[in-house]
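Residues per chain are reported as follows:
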Amino acid sequence: MLSKCKKIFASILLAFFAFNAVAATVDLAGRFLEKAETAYEDGDVDGAYKYINQALALTKNEDNATNVVIYAQSVYKTKLERIKKDFDELDFIDVTSNLEQYPKVASSSVKKLVAQIEVIQNQKAEAERKAIEKQTREEEARRANEQTQIMRQQAEDSRRLQEEANAETRKANEENLRLQRENSEELKNTLSSGLQVLGDGLEKSSNETRGAINKIVWIVILIVILILFIVLVILMVARKGFKQAEIQQEQYVQAFRMLAASQNQTNRLMLGGVTDLYNGEGSKLRLAGSSRWEAAALPESTTTPEEQEELRTLASKCEDLGAKIDQATVRKNNSKNVSELCYKIAMALGLPQGESMLYFCAAMVYDAGFLAVPEEIIASDELTDEQRVILKNHVNMAEKLLDFVPKKFWQIFEDAALCHHENMDGSGYPKGLKGTEIPQIARLIRVCESYISLTNKRNYRDIYDKETAIQKLREKPEFYDSDVIDVLESII
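How each quantity is defined
- Residues numbered from 1 in each chain as written.
- Predicted model: local features only at pLDDT ≥ 70, side-chain atom pairs only at ≥ 80, totals over all residues.
- Heavy atoms only, no water.
- Helix = DSSP H or I, 4+ residues; strand = E, 2+ residues; numbered from the N terminus.
- Buried < 20%, exposed > 50% of the residue type's maximum accessible area, 1.4 Å probe, protein only.
- Areas by Shrake-Rupley, 256 points an atom, 1.4 Å probe, with all protein chains shown as cover.
- Salt bridge = Lys/Arg side-chain N within 4 Å of Asp/Glu carboxyl O.
- Expected span 1.5 Å × (residues − 1).
- Arc of directions from axis to C-beta.
- Polar contact = N/O pair within 3.5 Å; in protein donor to acceptor, adjacent residues only side chain to side chain.
- Phe/Tyr/Trp six-rings, centres within 6.5 Å; stacked < 30°, edge-to-face > 60°.
- Axes fitted to C-alpha atoms, helices over the stretch in contact; angles between N-to-C directions.
- Parallel < 35°, antiparallel > 145°, perpendicular 65-115°, else oblique.
- Contact = heavy atoms within 4.5 Å.
- Nonpolar A, V, L, I, M, F, W, Y, C, P; charged D, E, K, R; others polar.

Let's shift gears to the overall build of the protein. Counting its secondary structure elements, the protein contains 15 helices and 0 strands. The buried share of the protein, reckoned over its 492 residues, is 34%. Only carbon and sulfur atoms are counted for the fraction: they give 55% of the accessible area of the protein, which is about 30900 Å².

Here it is, written out as structure tokens:
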């Protein structure tokens, strides 16, 4: 009997404490509701929003908190109207998050305001995207115009130098003809004078008595001396003429050399071929996509000597790293082949010389992440699901291996390493990008890597010729950018 009384007494105490707890919660919720009403009446919408959320949190699981919900709807409506007027993304995110937590507050007017704000938010984002696209187009047009102006100026300079060289050549020819005429006239006058003297002497000697043998002998001697003098004068004049001719000939050679150098420079500027960035004979670039590899000339760059040296240093480091990648992946010359083909396509697409060279460097090390993948996984013919995940993750493992890339060029290298397995239909990895969301360098590498793979022998298939390889790429528009394939077909 005593035990039963104790149980009844404990139940009463428990009910009493539970009632007090509920009463305390209701009382606290009421005080928060009063504070919310006071703040709302004073125009402090943010304060009312804070207090009503506290009241909602206390009465969230109670069915009889209708007055809190109704007042919360008014506060939320006013809060959303202010956000609609002066858009604040953080406030909007906070409100929508609380509406998910307290769905009873989401009345039709509140939902309508949320939908209107989302439309405004989307319109703002679309406007910003269009503004960025417009700015990008204008910048590309400006760069193309600058490149055109530079080429025109270079052509004009070349034409001017050629005209100056032609003028120098004409002037030298005229001077040579004048000297030749002067020399001929001087020689003629000398001979005429000598012959006249000789004739006078002979005439005088014939008129004198034949008995003056000694005088005749002296006359003969004088004539011989005179003849020798004339011959000496002729030789001196001829020597002077030959020396002047040699000087003129040297001037011609210098003028023609200057003309040839000018023409050479113009030809190199107008060519879009792949360049030799390196100083050593063993690192010559070769035309990608052909069965024979030949050295090609680089157009003169409009960058400063310091920037050219920076690019040469970067390219040299990329070449060294590319060789290590090819060795690890057992793909001979793959890095050079892909990078050279990317460079040619970038130039054909009209990209500036400097940006095309950065594409060349980035395309040489896009697979740097393979150096962080275990060798046994790369060499394995059959992979487990876990190993396939590790192998695919090579696109996220290139950053530490590319720490030598200057920060101003990093974005191109990151896009190349991270996105070169993205597909045009969004089925690629790691981000599932599609279409123009994929960076341009990654789209170029995607096409070039596949083309190089198709035109080189693999263990699992035979080699394809160029036409068949292009056709294979066109059969998969969901993977490859058709515009890049068009350019590729035009240059191979």
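So that's the structure; there's more coming.
This part is about the pattern of salt bridges. For the coordinates displayed, the defined rule picks out 22 salt bridges. One salt bridge connects Arg129 with Glu133, and the closest N-O pair in it is separated by 2.3 Å. Separated by 4 residues within a single helix, Arg129 and Glu133 lie in helix α5 (residues 108-207), roughly one turn from each other. Several salt bridges converge on common partners, so that one network encompasses Glu139, Arg142, Arg143, Glu146 and Glu355.

Since one α-helical turn is 3.6 residues long, residues separated by three or four positions face the same way. With 13 residues, helix α4 (residues 89-101) should reach 18 Å at 1.5 Å per residue; the first-to-last C-alpha distance of 19 Å fits that figure. Of the positions making up α4, those classed as buried are Phe92, Val95, Asn98 and Leu99. For α4, the angular spread of the buried residues around the axis is 130 degrees, confining them to a single face. Turned more than 90 degrees off the buried face of α4, the exposed positions are Leu90 and Glu100. Capping of α4 at its N-terminal end is provided by Asp88; its side-chain oxygen lies 3.1 Å from the backbone amide nitrogen of Leu90.

Right, let's talk about the packing of aromatic side chains for a bit. Per the stated rule, a full pass over the model turns up 5 aromatic pairs. Here the aromatic rings of Tyr343 and Phe360 are separated by 6.3 Å at their centres, their planes lie at 85 degrees, and the arrangement is edge-to-face. Taken as a pair, Tyr343 in helix α8 (residues 334-348) and Phe360 in helix α9 (residues 353-364) lie far apart in primary sequence, 17 residues in all. Looking at Phe360, the relative accessible area reads 1%, which means it is buried.

Our focus in this paragraph is unusual backbone geometry. Following Tyr429, the chain continues into Pro430 via a peptide bond in cis, with omega recorded as 10 degrees. The topology assignment puts Pro430 in the loop between α12 (410-419) and α13 (440-454). Even without being a glycine, Val330 presents a positive backbone phi close to 55 degrees. With respect to the helices and strands, Val330 occurs in the loop between α7 (305-329) and α8. Residue Val330 is classed as exposed on the basis of its relative accessible area of 72%. With phi around 60 degrees, Asn333 is a residue other than glycine that occupies positive phi space. Assignment of secondary structure puts Asn333 in the loop between α7 and α8.

Our focus in this paragraph is α8. Over its 15 residues, α8 extends 21 Å from the first C-alpha to the last, a length consistent with the 21 Å expected when each residue adds 1.5 Å. Burial of α8 is extensive: 13 of the 15 residues sit out of reach of the surface. Following α8 by one or two positions, Gly350 has its phi on the positive side, about 90 degrees.

Helix α15 (residues 482-491) packs onto helix α14 (residues 466-474) with a crossing angle of 170 degrees between their chain directions and a minimal axis gap of 10 Å. Taken together, the axis directions place α14 and α15 in an arrangement best described as roughly antiparallel. Between α14, through Ile470, Leu473 and Arg474, and α15, the contact on the second element is made entirely by Ser482, Ile485, Asp486, Leu488 and Glu489. In terms of residue class, the contact of α14 with α15 is built from 4 nonpolar, 1 polar and 3 charged.

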